[in-house]
Amino acid sequence: MRLEEWFNNGMTAQTYVDQMQTHQENFIYIYENFGIPVEDEPTFTRSRMNGLRAIVLTEDWCGDAMMNVPIFLRMAEAAQIPVHFLLRDENLDLMDNYLTDGRARSIPKIILMDKNGEEVANWGPRAPEVQQFIDTARQGLPDKEAEDFNEKQKEMLTFITKAYRDHHDFWNYVYEDLKKTFFSY
């Protein structure tokens, strides 16, 4: 299937948010509290009228998507880029074209395409600075075989989710990396 068809099969942002069950509140919080810096508005104005569209591969349970996607939505609004959402687990044929490190179905994946349905760029799942934070957090986990691994992993994920929601520096890292990837042409 071509990207155009995937886009047409996707749901709108509102439909996606309405069906969220895990991270809806934090997703909305980030969306409502993140704003495009005034000095960057010309960057997005230049992208208007180019016929760009975006596909977001995601799942509601994903903490990275909870933080990254609302920031991207603000950018897409500023650039007037329509965005459609596809659930990763229901669209593995597309997801498998965007594996992280050639093996992982990491999300979110954001695919920007031109008016002809050709890919312009893709991004995901994390900004480099956020990846460093995750790598450091994972170093503190015991071995997977350890008796307390599941408990410690759950604690780590709770900590990461809170950090994603409250750490505005993370939001800025994501914003800058998305801007560099999608709006630096």
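I will try to describe carefully the structure that is included in this document. (Residues numbered from 1 in each chain as written. Predicted model: local features only at pLDDT ≥ 70, side-chain atom pairs only at ≥ 80, totals over all residues. Heavy atoms only, no water.)

**With respect to unusual backbone geometry**
Pro108 follows Ile107 through a cis peptide bond whose omega is 5°. Here the amide bond leading from Gly124 into Pro125 is cis, since omega sits at 5°, within 30 degrees of zero. Here Pro125 is to be found in the loop between strand 4 (119-123) and helix 7 (128-139). At Gln80, a position not held by glycine, the phi torsion is positive, near 55°. (Helix = DSSP H or I, 4+ residues; strand = E, 2+ residues; numbered from the N terminus.)

**Some thoughts on the sheet that holds strand 3 (residues 109-113)**
Where strands meet in a sheet, backbone hydrogen bonds hold them as pairs that are either parallel or antiparallel. The strand order across the open sheet built from four strands is 2-1-3-4, with neighbouring strands paired in mixed fashion. Looking at the sheet topology across the chains shown, the edges are occupied by strand 2 (83-87) and strand 4. Averaged over all adjacent pairs, the angle separating strand axes in this sheet is 20°, with direction ignored. Pairing between strand 3 and strand 4: four bridges, direction antiparallel. (Pairing = 2+ DSSP bridges. Axes fitted to C-alpha atoms, helices over the stretch in contact; angles between N-to-C directions.)

**What to know about the pattern of salt bridges**
A full pass over the atoms with the stated rule returns 12 salt bridges. The closest approach of N and O atoms between Lys179 and Asp40, which form a salt bridge, is 3.0 Å. Placement of Lys179 in helix 9 (residues 168-182) and of Asp40 in the loop between helix 3 (24-33) and helix 4 (41-45) is noted, with a sequence separation of 139 residues between them. Neither Lys179 nor Asp40 differs from the other in exposure class; each is buried. (Salt bridge = Lys/Arg side-chain N within 4 Å of Asp/Glu carboxyl O. Buried < 20%, exposed > 50% of the residue type's maximum accessible area, 1.4 Å probe, protein only.)

**Side note on the nonpolar core**
Counting residues in each nonpolar core, the largest one holds 62 residues, and the members touching the most others are Met67, Ile71, Phe72, Leu94, Tyr164, Leu178 and Phe182. Ranked by residue count, the leading element in this core is helix 5 (residues 63-79), at 11 residues. Dropping the residues within four chain positions of it, Ile71 is found in contact with Ile30, Phe34, Trp171, Val174, Tyr175 and Leu178. (Core = buried A, V, L, I, M, F, W, Y, C linked by side-chain atoms within 4.5 Å. Contact = heavy atoms within 4.5 Å.)

**Brief notes about helix 9**
Because an α-helix completes one turn every 3.6 residues, residues spaced three or four positions apart along the sequence face the same direction. With 15 residues, helix 9 ought to run about 21 Å at 1.5 Å a step, and its terminal C-alpha atoms sit 21 Å apart, in line with that. Those residues of helix 9 that sit buried are Phe170, Trp171, Val174, Tyr175, Asp177, Leu178, Lys179 and Phe182. (Expected span 1.5 Å × (residues − 1).)

**Some words on the packing of helix 5 against helix 9**
In contact at an axis separation of 10 Å, helix 5 and helix 9 are set at 55° when each is read in the N-to-C sense. Classified by the angle between their axes, helix 5 and helix 9 sit oblique to one another. Crossing of helix 5 over helix 9 shows right-handed handedness. Counting all contacts with helix 5, which are made through Met67, Asn68, Ile71, Phe72 and Met75, the residues of helix 9 involved are Phe170, Trp171, Val174, Tyr175, Leu178, Lys179 and Phe182. Among the residues forming the contact of helix 5 with helix 9, the class breakdown is 10 nonpolar, one polar and one charged. (Parallel < 35°, antiparallel > 145°, perpendicular 65-115°, else oblique. Left-handed = near helix turned anticlockwise from the far one by under 90°. Nonpolar A, V, L, I, M, F, W, Y, C, P; charged D, E, K, R; others polar.)

**Topic: the packing of helix 7 against helix 8 (residues 149-166)**
Orientation of helix 7 relative to helix 8, taken along the N-to-C sense of each, is 155°, at an axis distance of 11 Å. With respect to helix 8, the element helix 7 is oriented roughly antiparallel. In the packing of helix 7 onto helix 8, the handedness of the crossing is right-handed. Between helix 7 and helix 8, the residues in contact are Val130, Phe133, Ile134, Ala137 and Arg138 and Met156, Phe159, Ile160, Ala163 and Tyr164, respectively. Split by residue class, the contact of helix 7 with helix 8 holds nine nonpolar, no polar and one charged.

**A word on the packing of aromatic side chains**
Between two aromatic rings, the relevant description is the distance of the centres plus the angle of the planes. As enumerated under the stated definition, the model contains 12 aromatic pairs in all. Taken together, a centroid distance of 5.5 Å and an interplanar angle of 50° make the contact between Phe34 and Tyr175 tilted. With Phe34 in the loop between helix 3 and helix 4 and Tyr175 in helix 9, the pair connects residues that are 141 residues apart, well separated along the chain. Judged by its relative accessible area of 7%, Phe34 falls in the buried class. Owing to a relative accessible area of 1%, Tyr175 belongs among the buried residues under this scheme. For the pair Phe133 and Phe159, a centre-to-centre distance of 5.9 Å together with 40° between the ring planes defines the contact as tilted. Highlighted residues: Phe133 in helix 7 and Phe159 in helix 8, separated in sequence by 26 residues. Among the aromatic residues, those joined into a ring-pair cluster are Phe34, Phe44, Phe72, Tyr175, Phe182 and Phe183. The side chain of Arg53 reaches across the aromatic face of Phe7, ending 5.2 Å from its centre. (Phe/Tyr/Trp six-rings, centres within 6.5 Å; stacked < 30°, edge-to-face > 60°. Lys NZ or Arg CZ within 6 Å of the ring centre and 35° of its normal.)

The quantities given are spatial measurements derived from coordinates; they are silent on function.
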